[in-house]
Amino acid sequence: GENVGLHLPTLSVQEGDNSIINCAYSNSASDYFIWYKQESGKGPQFIIDIRSNMDKRQGQRVTVLLNKTVKHLSLQIAATQPGDSAVYFCAENINTGANSKLTFGKGITLSVRP
Amino acid sequence: DTAVSQTPKYLVTQMGNDKSIKCEQNLGHDTMYWYKQDSKKFLKIMFSYNNKELIINETVPNRFSPKSPDKAHLNLHINSLELGDSAVYFCASSHTIGEQYFGPGTRLTVT
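Read on for an overview of the structure. The structure displayed is predicted, hence computed values, not measured ones.

Analysis parameters
Residues numbered from 1 in each chain as written. Chains lettered and ligands numbered in written order. Predicted model: local features only at pLDDT ≥ 70, side-chain atom pairs only at ≥ 80, totals over all residues. Heavy atoms only, no water. Helix = DSSP H or I, 4+ residues; strand = E, 2+ residues; numbered from the N terminus. Buried < 20%, exposed > 50% of the residue type's maximum accessible area, 1.4 Å probe, protein only. Polar contact = N/O pair within 3.5 Å; in protein donor to acceptor, adjacent residues only side chain to side chain. Contact = heavy atoms within 4.5 Å. Salt bridge = Lys/Arg side-chain N within 4 Å of Asp/Glu carboxyl O. Nonpolar A, V, L, I, M, F, W, Y, C, P; charged D, E, K, R; others polar. Disulfide = S-S within 2.5 Å.

Some thoughts on the side chain of Ser68(B)
All names here are of chain B.
Thinking step 1. With respect to the helices and strands, the residue Ser68 is situated in strand β7 (residues 64-70).
Thinking step 2. Residue Ser68 is classed as buried on the basis of its relative accessible area of 16%.
Thinking step 3. Within the structure, the side chain of Ser68 is placed 3.1 Å from the backbone oxygen of Asp70, a separation counted as a polar contact.
Thinking step 4. At a separation of 2.9 Å, a polar atom in the side chain of Ser68 contacts the main-chain carbonyl oxygen of His73.
Thinking step 5. The contacts of Ser68, once residues within four sequence positions are left out, are Tyr49, Lys52, His73 and Leu74.

Some details on the environment of Leu81(B)
Residue and element names in this part refer to chain B.
Thinking step 1. Tracing the chain through its elements places Leu81 in the loop between β8 (73-78) and β9 (87-94).
Thinking step 2. It is 15 Å that separates the C-alpha atoms of Leu81 and Thr106, two residues lying 25 residues apart in sequence.
Thinking step 3. Leave out the neighbours within four places in its chain, and Leu81 touches Thr13, Gln14, Met15, Gly16, Asn17, Lys19, Arg63, Leu108 and Val110.

Observations concerning the interface of chain B and chain A
Thinking step 1. Listed per partner, the contact involves 18 residues of chain B and 18 residues of chain A.
Thinking step 2. Between chain B and chain A we count one salt bridge in total.
Thinking step 3. The residue Lys101(A) makes a salt bridge to Glu58(B) at a minimum N-O spacing of 2.9 Å.
Thinking step 4. Summed over the shared surface of chain B and chain A, the number is four residue pairs in polar contact (both at pLDDT 80 or more).
Thinking step 5. Looking at the side of chain B that touches chain A, the elements that each hand over two or more residues are β4 (31-37), β5 (43-50) and β6 (53-57) of chain B.
Thinking step 6. Classifying every residue of the side of chain B that touches chain A gives ten nonpolar, four polar and four charged.

Brief notes about the state of the cysteines
Thinking step 1. Taken as a whole and assessed by the stated rule, the structure comprises two disulfides over all chains.
Thinking step 2. With its sulfur 1.7 Å from that of its partner, Cys23(A) forms a disulfide with Cys90(A). Between Cys23(A) and Cys90(A) the sulfur-sulfur dihedral comes to about 40 degrees; the bridge is accordingly right-handed. You can see Cys23(A) sitting in strand β2 (residues 19-24) and its partner Cys90(A) sitting in strand β8 (residues 86-94), a full 67 residues away along the chain. Pair check on accessibility: Cys23(A) and Cys90(A) agree, each one buried.
Thinking step 3. With its sulfur 1.8 Å from that of its partner, Cys23(B) forms a disulfide with Cys91(B). With the S-S dihedral at roughly -75 degrees, the linkage between Cys23(B) and Cys91(B) falls on the left-handed side.

On their own, these measurements won't tell you what the molecule is for.
Here's what the structure looks like:
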């Protein structure tokens with residue numbers, strides 16, 4: 001299953017399929033990006049990050065792709081499991097020195113069908 | 001071995017009251033943050049402190065006053081609570097602006 005942009009707030013996938021969650025970020029000066037996962041009743045949890053000098057980074061079952069040309073970030077989850085059901089956030093860091101901060105995108109709900 | 005802890009987890013109070021939320025991190029991080037998450041799950045930064053010094057204040061009403069007694073603690077005090085303050089408040093910490101570790105959240109309900 002694939003979510004295009006942030007216009008579809010919910011992504012439903014079959015267990016075992018691959019998931020792709022997309023994010024359009026706003027600032028071309030952003031130099032660092034993070035994906036967070038938030039399960040119900042819990043705080044956001046770090047999944048994977050990528051710096052602007054890279055276009056791909058892989059973790060365990062997850063891959064983040066960065067396309068700076070179109071300011072697009074995606075999170076790919078391989079072999080999606082029920083435990084992957086959560087709200088996912090992308091966040092961008094604008095490096096403004098001491099006032100650097102993360103700006104979070106709108107959350108996207110991933111629902112895994114058994 | 002909780003990394004970032006917040007108390008209380010739930011807070012129900014009436015309009016006009018003053019309340020505090022406490023946050024502690026045992027990760028040795030220099031920077032701590034407060035975020036507000038609304039009913040649509042939108043997560044927005046409110047404040048950040050670096051080594052007890054206020055770094056970011058995102059146009060938050062001055063009814064909200066963060067206090068950092070030491071770099072392991074960042075408390076949030078809210079005066080004259082309003083209905084619109086109802087939300088989940090998250091504390092977070094980091095070494096740098098990068099990977100932030102979030103607490104479990106405090107669900108504030110103002111009636």
